[in-house]
Amino acid sequence: MSAPQLPDAPVVVLAGGTGGAKLARGVLDHAGADLVVIANTGDDTEIHGGLVSPDPDLCTFWLADRIDERGWGLEDDTFAVMDALRALGEDVWFNLGDRDLALCIRRARRLAEGARLTEVLAENAAAYGVPALVLPPSDSPVRTQVRTDDRWWDFQEFMIRRLRETPAPVVQDVAFRGAEDAVATPEVLQAIRTARAVVVGPSNPVISISPILAVPGVREALRDTAAPIVAVAPLVDGQVLKGPTESFLRWAGVAMDARGVARIYDGLLDGLLTDETVEIPGLAVRTANVLMGDAATRASVAAEALDLCAALSSTDRSAA
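In short, a report on the structure.

Thresholds applied
Residues numbered from 1 in each chain as written. Predicted model: local features only at pLDDT ≥ 70, side-chain atom pairs only at ≥ 80, totals over all residues. Heavy atoms only, no water. Helix = DSSP H or I, 4+ residues; strand = E, 2+ residues; numbered from the N terminus. Buried < 20%, exposed > 50% of the residue type's maximum accessible area, 1.4 Å probe, protein only. Contact = heavy atoms within 4.5 Å. Polar contact = N/O pair within 3.5 Å; in protein donor to acceptor, adjacent residues only side chain to side chain. Expected span 1.5 Å × (residues − 1). Pairing = 2+ DSSP bridges. Axes fitted to C-alpha atoms, helices over the stretch in contact; angles between N-to-C directions. Salt bridge = Lys/Arg side-chain N within 4 Å of Asp/Glu carboxyl O. Disulfide = S-S within 2.5 Å. Core = buried A, V, L, I, M, F, W, Y, C linked by side-chain atoms within 4.5 Å. Left-handed = near helix turned anticlockwise from the far one by under 90°. Nonpolar A, V, L, I, M, F, W, Y, C, P; charged D, E, K, R; others polar.

1. Looking at the side chain of Asp 68
Residue placement: Asp 68 occurs in the loop between α2 (54–63) and α3 (80–87). By relative accessible area, which is 10% here, Asp 68 ends up buried. Apart from residues no more than four positions distant in its own chain, Asp 68 is found in contact with Gly 73, Leu 74, Glu 75, Asp 76 and Asp 77.

Right, here's the structure in full:
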């Protein structure tokens, strides 16, 4: 397969985790085939004979309206392979549905054949009827690792094994292994360069968005783009709806609020959508309901973010 064809003036969404995938689905209602999702690959892992790429697949399943009611995996998937592995005495700590596993096995095979990860993700999206593009930030592996208990944990083991144990882990450090040697793909750089809007999803800023920004070339492209960059805060009424965002923000030394989120992004943003009433110098802040509980609210939050981008494009950004 050749490189995926990019729209002329895409709407780019940086996404990781459930929040980013939900927002991408909301943006799809407004941008259609102009949507380009740059999905975090720091959570990727090799297991069960396949390459698991949780965030790109999560985005693909949401965009295809095929997400299971669990919030992850394909709807109505079965788990016969995992059950069989357990029956054979395997320690199955990472649970994959049968059709999900097929996708991961095929991805590993395509990469072994010499395909780029960019191509494989585009093939997967097309197979599920997704009109938008889902891109990795790099075709090279970048892996998030978390230090706790004075040892380094691969991200999936930390999330699935250590995070469920007591006492609760204290995040001591975070690293994105391989990022220093990775290269941003030409598709990602072109999408950011030609974008009419860039929206950062309500994802964990440290473990879902920072691995994307750690790929050399991505942060520079975002600084250089003429498109406005608006983030949706990952907090609702000051709380995290899902995942360990609070632990990672504490490690990063920022507050659990809109100002803390803005600090993580270190001057990249032009605007922030949040349910807080707050002023942040140098940033256009819009107060709105950011809870995405159903299709209507996902579309509404996406519309607010895109409207703020449009306002920043057409007026003095500081006054938007």
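And the narrative resumes.
2. Section: the side chain of Asp 77
If you trace the backbone, Asp 77 turns up in the loop between α2 and α3. Judged by its relative accessible area of 10%, Asp 77 falls in the buried class. For Asp 77, the side chain forms a polar contact with the main-chain nitrogen of Asp 98, separated by 3.3 Å. Contacts of Asp 77, omitting those with residues within four sequence positions, involve Asp 68, Gly 97, Asp 98, Arg 99 and Asp 100.

3. Let's talk about helix α12 (residues 295–314)
Taking 1.5 Å of rise per residue, the 20 residues of α12 would be expected to cover 28 Å, and the 28 Å separating its terminal C-alpha atoms lies within 8% of that figure. Listed as buried for α12 are Arg 298, Ala 299, Val 301, Ala 302, Ala 305, Leu 306, Leu 308, Cys 309, Ala 311 and Leu 312. Where α12 begins, the capping side chain belongs to Asp 294, and its oxygen is found 3.3 Å from the backbone nitrogen of Ala 296.

4. Details of the sheet that holds strand β9 (residues 197–200)
The 7 strands are arranged β5-β2-β1-β9-β10-β11-β12 in an open sheet whose pairing can be described as parallel. Unpaired on one side and paired on the other, β5 (133–135) and β12 (284–287) mark the two borders of the sheet. Neighbouring strand axes in the sheet, compared pairwise and without regard to direction, differ in orientation by 20° on average. One ladder, built from 5 bridges, connects strand β1 (residues 11–15) with strand β2 (residues 35–39); its direction is parallel. If you follow Val 13 over to β2, its bridge partner there is Val 37. Across the sheet, helix α1 (residues 17–31) touches β1, β2, β9 and β10 (229–232), and the angle it forms with β1 is around 170°. Its contacts with the sheet put α2 on β1, β2 and β5, and the angle it makes with β2 is roughly 150°.

5. Overview of the pattern of salt bridges
Per the counting criterion, the structure on display carries 23 salt bridges. Asp 68 serves as the salt-bridge partner of Arg 70, at 3.3 Å between the closest nitrogen and oxygen. On the basis of relative accessible area, Arg 70 is assigned to the partly exposed category, the value being 33%. Notably, a salt bridge pairs Asp 77 with Arg 99, separated by 3.5 Å at the nearest N-O pair. Of this pair, Asp 77 sits in the loop between α2 and α3 while Arg 99 sits in helix α4 (residues 98–112), and the two are 22 residues apart along the sequence. Residues participating in the shared-partner salt-bridge network are Arg 106, Arg 109, Arg 110, Glu 113 and Glu 123.

6. Some points on the state of the cysteines
Per the stated rule, a full pass over the model turns up 0 disulfides. Residue Cys 59 stays outside any disulfide, its sulfur separated by 14 Å from that of Cys 104, the closest cysteine. Residue class for Cys 59 comes out buried when judged on its relative accessible area of 1%. The buried category is assigned to Cys 104, whose relative accessible area is 0%.

7. Some thoughts on the nonpolar core
The biggest cluster of nonpolar side chains holds 52 residues, and the ones touching the most others in it are Leu 14, Val 218, Leu 222 and Tyr 265. No other element matches helix α8 (residues 205–213), which puts 5 residues into this core.

8. A short note on the environment of Asn 289
Topologically, Asn 289 is positioned in the loop between β12 and α12. Linking Asn 289 and Asp 275, residues 14 residues apart in sequence, is a C-alpha distance of 5.3 Å. Among the polar contacts made by the side chain of Asn 289, one reaches the main-chain amide nitrogen of Leu 291 at a distance of 3.0 Å.

9. Comments concerning the sheet that holds strand β8 (residues 173–177)
One open sheet holds the 3 strands; their spatial order is β7-β6-β8, and the pairing between them is antiparallel. Among the strands making up the open sheet, the edge pair consists of β7 (151–154) and β8. The average angle at which neighbouring strand axes cross in this sheet is 30°, direction not considered. Relative to β8, strand β6 (residues 143–148) runs antiparallel, the two being bridged by 5 bridges. Bridge pairing links Thr 144 to Phe 176 in β8. In this fold α8 packs onto β6 and β8, with an angle of close to 30° to the strand it touches most, β8.

10. Side note on the environment of Leu 306
Along the chain, the position of Leu 306 falls in helix α12. Given a relative accessible area of 17%, Leu 306 falls into the buried group. Counting along the chain gives 107 residues from Leu 306 to Val 199, while the straight-line C-alpha distance between them is 7.7 Å. Among residues more than four places away in sequence, those in contact with Leu 306 are Val 11, Val 27, His 30, Ala 197 and Val 199.

11. Side note on the packing of α1 against α2
For the pair α1 and α2, the least separation of the axes is 9 Å and the interaxial angle reads 35°. Where α1 crosses over α2, the two elements pack in a sense that is right-handed. Together, Gly 17, Thr 18, Ala 21, Lys 22, Ala 24, Arg 25 and Leu 28 of α1 and Asp 55, Leu 58, Cys 59, Trp 62 and Leu 63 of α2 make up the contact between the two elements. Here the residues of the contact of α1 with α2 sort into 7 nonpolar, 2 polar and 3 charged.

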